[in-house]
Amino acid sequence: MHTGLLTLLTITPFLINGTEIICSGQSSQGELVELELNYSKEKKEMQIDGMLFPLQIDNKYAIAWSNSADDLDFVNILSRINGSLQVIVSDKEGNQSLRASLQCVEAEKALFR
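Note that the coordinates shown come from a computational prediction; the quantities given were computed from them, not determined experimentally. (Residues numbered from 1 in each chain as written. Predicted model: local features only at pLDDT ≥ 70, side-chain atom pairs only at ≥ 80, totals over all residues. Heavy atoms only, no water.)

What follows concerns the pairing of strand β3 (residues 32-40). Two elements, strand β2 (residues 19-27) and β3, share eight bridges in a ladder whose sense is antiparallel. Following the sheet pairing, G25 is matched in β3 by V33. Here β2 folds back onto β3 in antiparallel fashion, the turn holding four residues, of which G30 has a positive phi close to 85°. Across four bridges, the pairing between β3 and strand β4 (residues 45-48) is antiparallel. Residue pairing across strands places N38 opposite Q47, the latter belonging to β4. Adjacent in sequence and paired antiparallel, β3 and β4 are bridged by four residues, among which K44 carries a positive phi angle near 55°. (Pairing = 2+ DSSP bridges. Helix = DSSP H or I, 4+ residues; strand = E, 2+ residues; numbered from the N terminus.)

Here the focus is unusual backbone geometry. Of note in this structure, K44 is not a glycine but carries a positive phi near 55°. Looking at the element boundaries, K44 is found in the loop between β3 and β4. Here K44 falls in the partly exposed class, since its relative accessible area comes to 40%. If you check the backbone angles, D49 has positive phi at about 55° while not being a glycine. Along the chain, D49 turns up in the loop between β4 and β5 (51-58). (Buried < 20%, exposed > 50% of the residue type's maximum accessible area, 1.4 Å probe, protein only.)

Note that all results are geometric; they support no functional claim without further evidence.
As structure tokens, then:
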């Protein structure tokens, strides 16, 4: 099993009209995952590592978006209630599994600075 550190960084100009969210947790393979998300309510987009993803759900309960990589489809669901981010992966056959589970907060509300 490969363990490593995955860190995705964002481009700062997006922050002018967005909310910076930081997340940390583990992948299903035990790797540490750290993400910086930039959420734009006005544009209905999430920015991760300089890439923009249109939001599929943006309501008082959750924010959700999807992306694809390496012939896999990912659905990302960020809970507004408890700050959890669940990343669900689907393969070409339609099999789904939990890829990562993270806890997220607005960057300015992080416990340790």
